[in-house]
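Topology and contacts: notes
Letter by letter, the chains look like this.
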Amino acid sequence: MPYLDYNVVKAGFSMDDDLFIVNGWTKMPLREMAKKFLPNSVVWRKDKAGFPSPQEQWQRGELSKSFECLFSI
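Our subject in this report is the structure included herewith. Quick caveat: nothing in here was measured; it's all calculated off a predicted structure.

**Some thoughts on the overall build of the protein chain**
When helices and strands are counted, the protein chain shows 5 helices and 0 strands. By the compact-globule yardstick of 11 Å for 73 residues, the protein chain is too spread out, its C-alpha radius of gyration being 17 Å. Counting every position in the protein chain, which comprises 73 residues, the buried fraction comes to 8%. Long-range contacts, defined here as pairs at least 24 residues apart, represent 15% of the contacts in the protein chain between residues at least 6 apart. Charge centroids of the protein chain, computed over 10 positive and 9 negative side chains, lie 7 Å from each other.

**What to know about the environment of Leu 30**
Among the structural elements, Leu 30 can be located in helix α2 (residues 28-34). Exposure remark for Leu 30: the relative accessible area of 31% places this residue in the partly exposed category. C-alpha separation for the pair Leu 30 and Val 43, spaced 13 residues apart in sequence, amounts to 8.9 Å.

**What to know about the packing of aromatic side chains**
According to the stated counting rule, one finds 2 aromatic pairs in the structure shown. When the ring centre of Trp 25 is taken as origin, the NZ or CZ atom of Lys 46, which lies over that ring, is 4.2 Å away.

What counts and what doesn't
- Residues numbered from 1 in each chain as written.
- Predicted model: local features only at pLDDT ≥ 70, side-chain atom pairs only at ≥ 80, totals over all residues.
- Heavy atoms only, no water.
- Helix = DSSP H or I, 4+ residues; strand = E, 2+ residues; numbered from the N terminus.
- Rg over C-alpha atoms; globule rule 2.2 N^0.38 Å.
- Buried < 20%, exposed > 50% of the residue type's maximum accessible area, 1.4 Å probe, protein only.
- Contact = heavy atoms within 4.5 Å.
- Lys, Arg positive; Asp, Glu negative; His and termini not counted.
- Charge placed at Lys NZ, Arg CZ, Asp CG, Glu CD.
- Phe/Tyr/Trp six-rings, centres within 6.5 Å; stacked < 30°, edge-to-face > 60°.
- Lys NZ or Arg CZ within 6 Å of the ring centre and 35° of its normal.

Below is the structure:
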């Protein structure tokens, strides 16, 4: 995942929940940061989508035994 650096995660957890959705706009900290670098047509799009994770393929494919060992606590 592109933003899954531990520093980004720590910063996100340190923010108040009400900062993430403002007047119906999601991802506000990211949008506020991005508006310095990207055009408004990109920053204020409503149809943003995440990146698909291949986790399901890993769990059912060749890494299935590794997943079982890691997550069967």
